[in-house]
Amino acid sequence: MKIKYMAGLLLLGASALSSCSDFTEIDQKGMNLLNTTDQLEMLLNQEYSYDVSNINRLCGSVLYYPGNVPTLLANPVKTTSQIIIGYDEEGHRREQVDLTSSDSGYASCYEYIGTVANPILSKIDAASGPDSKKAALKAEALTVRAYFHWLAAIKFARAYNPSTADSEKCIAYLLETQDIKQPTEQLTQKEVYTNILADLDAAIELDALPVSAVNRMRFSKAAPYAIKAMVLMYMQQPAEAAKAAEQALAINNTVSDLNNFMMTTTSMMGQPTPTLEIPKLALDQDYFTDSQIEFFSWLTPRYYSLFEDKHIVKDWFETYHTMMWMGSWDATAPMVVNSLQSMFGVSEGSMSYGVMGEGRVGTINISSPHMYLILAENAINNGRIDDAMGYLDKFRVGRFLPEDYQPLQGRVTTKAEAIEMLKKNEHGENCFGVHHFINMKRWNELPDYKEDISWTLNGKTYTLRAGSDLWIFPFPKNLMNKNANFQHNYETVAM
């Protein structure tokens, strides 16, 4: 899983906006270099990325670890990878805080807030240029600010609970008016989410974003509605979330058909192999996306078990499995099988596979299938099972080869079955990215949806409880050491 690390560029806490001039040269040597809308728009030419490696490890489907897992877990010296992969709650309380000197996900979120969103919002009114472009840039900057604050809030705070949101500590919310000489304040969840929704509503009210952005790494008109839908769902307001999802779909309800990205490649054994390869920024369904190439991740037995049978991503996403052996591990690659069994402690028939090749995925993308998932879950909770399956079928039809597709509508009749299908399709859309973590963390608060995660290695079973504090990541030390206003969002034990 490729990760963009910003060496020496951590915008954390009191130093989160150490100076806009450090990054955008807004007032370098007394000269404002960003005087026009065209100049300000250049700040939006940002290739957004977000580190999901530890998030994916926690979810148990896509395991990024380029080493021997049994050796890692047996090491008496704790590491963050060991704590997360081994679901070590005690290590999380005692050692993980000290091990987290920095966090690239935290840095990325506040980098984009501090170097893209807030400089635009602070300068746009005084800039020269058409009013229509000013409005569009302002709307996009508000959307960027809301989205990346939300991603930070999800990772570093508890799942949103309306009954405790008034008192539960969260993160800082950095506005363009922030005095960079003053330490930032850690706000409550309610305060943070109020700010997130206010920014999204302001972006929506401007009604200035294009239906189709310049490219899919820019936020389109549907994006603030879609983010609002996901935020409201996370806040346990499904009815309001469904309304926002419908507004996003009214702008763009396109669903990409993965059959269009199937091709025949030649395996390393010289055999023709059907393969799914998604080119960069190719999916019309995305309201916004990043573009990542998956590599050196292991797809665990849980990854495969959470898909529907014959799902294109499950069977044909380009992996060492498809490219080298076409499913015949024991017959064609016994040395590899033995090596992987030793590394992962799994038996033949439940092998983990390395991901390779050119298959591109979004890790923080926002798409129309996300909206249909929200509508489906809301329908399930209101007893409208057939409607819910109809929403899933809207995008499922493009997730199977034509001869393998069967609609769910009319076949699923119980709530339990409907939730199972919802989860399988949520996993199919999100398994490589942040939204699978978001939904699982949210579901941990819901009795009908929460579940423990377990996996077994060399006869030992590791379990992540639905209510575990492992779902909350510690703030990095380079924030905590600089800003006394912050406290961790779960109980820690000083070493």
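Structure first, text after, so check above.
Computed from a predicted model, the values in this text were never measured in an experiment.

What counts as what
- Residue positions are given per chain, counting from 1 as you read along its sequence in written order.
- Totals for whole chains, interfaces and linings use all residues, but because this is a predicted model, local features are given only for residues with pLDDT of at least 70 and pairs of side-chain atoms are given and counted only at 80 or more.
- Hydrogens and water are ignored here; the side-chain numbers use all heavy atoms of the structure.
- Elements are defined by DSSP. Helices are runs of H or I of four residues or more, strands are runs of E of two residues or more, and each kind is numbered from the N terminus.
- Only protein chains enter the accessibility calculation, which uses a 1.4 Å probe. A residue is then buried if its area is under 20% of the maximum for its type, exposed if over 50%, and partly exposed in between.
- It only takes one pair of heavy atoms within 4.5 Å for two residues to be counted as in contact.
- To measure how exposed things are, a 1.4 Å probe is used in the Shrake-Rupley method; for residues, cover is taken only from the protein chains shown.
- Fitting a line to C-alpha atoms yields each axis, with helices limited to the stretch in contact; the angle taken between N-to-C directions then spans 0 to 180 degrees.
- Any angle between 65 and 115 degrees counts as roughly perpendicular, while under 35 counts as roughly parallel, over 145 as roughly antiparallel, and the rest as oblique.
- All amino acids are sorted into three groups, where Ala, Val, Leu, Ile, Met, Phe, Trp, Tyr, Cys and Pro are nonpolar, Asp, Glu, Lys and Arg are charged, and the leftover types, Gly among them, are polar.
- Any carboxyl oxygen of Asp or Glu within 4 Å of a side-chain nitrogen of Lys or Arg constitutes a salt bridge here.

Asker: Which residues make up the overall build of the protein, and what values do they have?
Answerer: When its secondary structure is counted, the protein shows 22 helices and 11 strands. Across the 495 residues that make up the protein, the buried fraction comes to 59%. The contacts in the protein between residues at least 6 apart in sequence include a share of 74% that link residues at least 24 apart. As displayed, the protein offers around 19600 Å² of accessible surface, 49% of which is attributable to carbon and sulfur atoms.

Asker: So, the packing of helix α20 (residues 415-430) against helix α21 (residues 434-443): which residues are in play, and what are the values?
Answerer: Viewed as axis vectors pointing N to C, α20 and α21 meet at an angle of 150°, and their least axial separation amounts to 8 Å. Classified by the interaxial angle, the pair formed by α20 and α21 is roughly antiparallel. Across the interface between the two elements, L422, K423, E426, H427 and N430 from α20 touch H435, H436, N439 and W443 from α21. In terms of residue class, the contact of α20 with α21 is built from two nonpolar, five polar and two charged.

Asker: Go over the pattern of salt bridges, please, and point to the residues and values.
Answerer: Summed over the entire model, instances satisfying the criterion amount to 29 salt bridges. For R399, the salt bridge is made with E429, and the minimal N-O distance between the two is 2.7 Å. On the criterion of sequence distance, the pair formed by R399 in the loop between α19 (385-396) and α20 and E429 in helix α20 is long-range, its members being 30 residues apart. Here R399 and E429 have matching classes, each one buried. Because the salt bridges share partners, they merge into one network encompassing D38, E41, K133, E140 and R218.

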